[in-house]
Amino acid sequence: MKKTIPIESIDPIEIYGAGNRILTEFCSYFPKLKVTARGHELMLEGRESDIEEFSIRFAELVERRHHKLNLTIYDVEDIFDGENSADKFRLSGDAVIVHGTDGKPIKARNHTQQEMVKAYFDNDLVFAVGPAGTGKTYIAIALAVRALKNREIKRIILTRPAVEAGERLGFLPGDLKDKLDPYLQPLYDALEDMIPSKKLQEFMADGIIQIAPLAYMRGRTLDRACVILDEAQNTNIGQLKMFLTRMGASAKFIVTGDATQIDLPKKTDSGLIQGINLLKGIKGIKTIMFSNDDIVRHPLVTKIVKAFDTLAESPQD
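What comes next concerns the included structure.

Observations concerning a nonpolar patch on the surface
- Residues L300, I304 and F308 make up a contiguous nonpolar surface patch of about 320 Å² in total accessible area.
- Along the polypeptide, F308 turns up in helix α11 (residues 299-313).
- On the accessibility criterion, F308 (56% relative accessible area) is exposed.

Here you go:
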């Protein structure tokens with residue numbers, strides 16, 4: 001049997017993809033069907049049942065393009081495999097989240113990290129708050145990378161408020177990106193532990209992984225994504241509200257911060273704890289509190305943090 005499918009009112013390259021990448025992925029689901037692309041037409045030859053299914057699925061692909069700026073091979077997988085449910089890839093708190101680029105398993109290293117992993121699967125918004133070195137951001141990024149690899153999400157978006165920790169942005173060399181990158185470097189570092197460099201560059205070039213200052217989130221609706229706000233103690237309550245209201249369909253939001261390391265001119269302007277208190281008791285939102293006992297860096301870090309906490313608690317002249 002033969003059939004011709006016309007592609008109307010849309011540029012075929014938007015369906016086929018660069019180098020026919022999307023079409024090739026699509027056709028891989030029909031190994032016994034001969035498919036020839038000729039401009040605005042697809043020529044099909046094969047069994048009637050294959051041609052009928054191809055036509056139905058291809059119409060779904062075209063419909064997706066009408067509702068999206070760009071198609072990816074993940075759209076093809078969704079059409080054939082169905083949207084992955086949240087429970088399909090659920091894991092226990094102490095299971096391996098992902099494997100690093102060196103093959104080392106990345107997993108929760110203490111009870112509180114395990115609670116954070118559990119909270120991620122049970123809620124759409126998770127606050128992870130506690131001192132430096134507890135692995136809050138690292139676990140958050142590992143969960144996001146896992147979700148991306150499992151096709152549970154389309155994008156990872158990582159953001160931080162660009163607040164100066166005792167330094168001046170204006171005196172740093174370079175353009176705006178050069179000035180902001182040092183603030184975002186810890187996020188790059190974590191990603192590079194989990195995704196091979198070449199693949200990470202491809203993801204970032206395609207917009208599948210995005211790293212940007214918090215101000216760049218304004219006006220966006222973020223759906224089918226895992227979105228992480230790091231260093232949230234340096235947001236005011238208005239900025240936190242702006243970020244949280246970006247949440248779109250099938251999105252997971254993780255907010256991490258350390259209430260003892262506020263770099264705002266007025267520490268009382270920090271919106272992190274205010275926001276947590278405002279949202280307390282809402283179903284679908286969970287707060288995980290880390291303590292000094294959860295620090296997983298060098299053993300000296302725990303002692304250093306405790307020493308500085310003592311200084312902060314002592315009366316000042």
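Section: the sheet that holds strand β3 (residues 41-45)
- Within the open sheet, the three strands sit side by side as β1-β3-β2. Their pairing is antiparallel. Whereas interior strands pair on both sides, the edge strands pair on one side only; in this sheet they are β1 (2-6) and β2 (34-38). For this sheet, the mean angle separating the axes of adjacent strands, direction not counted, is 20°.
- Pairing geometry for β1 and β3, over five bridges, is antiparallel. Bridge pairing links K3 to L44 in β3.

Some thoughts on the nonpolar core
- Formed by 42 residues in total, the largest nonpolar core has its most connected members in I141 and L191.
- Examining the composition of this core, we find that nine residues originate from one element, helix α6 (residues 136-149), more than from any other.
- When residues no more than four places from it in sequence are discounted, the contact partners of I141 are L158, L187, A190, L191, M194 and I228.

Focus on helix α9 (residues 237-244)
- Along α9, the residues classified as buried are L240, M242, F243 and L244.
- Considering only its buried residues, α9 is in contact with β6 (125-129), β7 (155-160), β9 (225-229), β10 (252-257) and α10 (272-278).

A look at the packing of helix α5 (residues 111-122) against α6
- Viewed as axis vectors pointing N to C, α5 and α6 meet at an angle of 40°, and their least axial separation amounts to 11 Å. The angle between α5 and α6 falls in the class oblique. In this structure, α5 crosses over α6, and the sense of that crossing is right-handed. Only K136, I139, A140, L143, R146 and A147 of α6 make contact with α5, whose side of the interface consists of Q113, M116, V117, Y120 and F121.
- Taken together, the residues that form the contact of α5 with α6 break down as eight nonpolar, one polar and two charged.

Focus on the packing of aromatic side chains
- What the rule picks out here adds up to seven aromatic pairs.
- A ring pair is formed by F26 and F54, whose centres lie 5.0 Å apart and whose planes are at 80°; its orientation type is edge-to-face. Within this pair, whereas F26 is found in helix α2 (residues 21-27), its partner F54 is found in helix α3 (residues 48-67), the two being separated by 28 residues in sequence.
- F26 gets classed as buried once you look at its relative accessible area, which sits at 0%.
- Both rings, one in F26 and one in F58, keep their centres 5.7 Å apart while their planes meet at 85°; by these two values the pair is edge-to-face. Taken together, the positions of F26 in helix α2 and F58 in helix α3 put the pair 32 residues apart, joining distant regions of the chain. Considered together, F26 and F58 belong to a single accessibility category, that of buried residues.
- A cation over a ring is seen here: K252 above Y120, with NZ or CZ 4.9 Å from the ring centre.

Rules used in this analysis
Residues numbered from 1 in each chain as written. Predicted model: local features only at pLDDT ≥ 70, side-chain atom pairs only at ≥ 80, totals over all residues. Heavy atoms only, no water. Patch = residues over 30% accessible without salt bridge, like charges linked within 9 Å, V, L, I, M, F, W, Y side chains within 5 Å. Areas by Shrake-Rupley, 256 points an atom, 1.4 Å probe, with all protein chains shown as cover. Salt bridge = Lys/Arg side-chain N within 4 Å of Asp/Glu carboxyl O. Helix = DSSP H or I, 4+ residues; strand = E, 2+ residues; numbered from the N terminus. Buried < 20%, exposed > 50% of the residue type's maximum accessible area, 1.4 Å probe, protein only. Pairing = 2+ DSSP bridges. Axes fitted to C-alpha atoms, helices over the stretch in contact; angles between N-to-C directions. Core = buried A, V, L, I, M, F, W, Y, C linked by side-chain atoms within 4.5 Å. Contact = heavy atoms within 4.5 Å. Parallel < 35°, antiparallel > 145°, perpendicular 65-115°, else oblique. Left-handed = near helix turned anticlockwise from the far one by under 90°. Nonpolar A, V, L, I, M, F, W, Y, C, P; charged D, E, K, R; others polar. Phe/Tyr/Trp six-rings, centres within 6.5 Å; stacked < 30°, edge-to-face > 60°. Lys NZ or Arg CZ within 6 Å of the ring centre and 35° of its normal.

Purely geometric numbers; function is a separate question.
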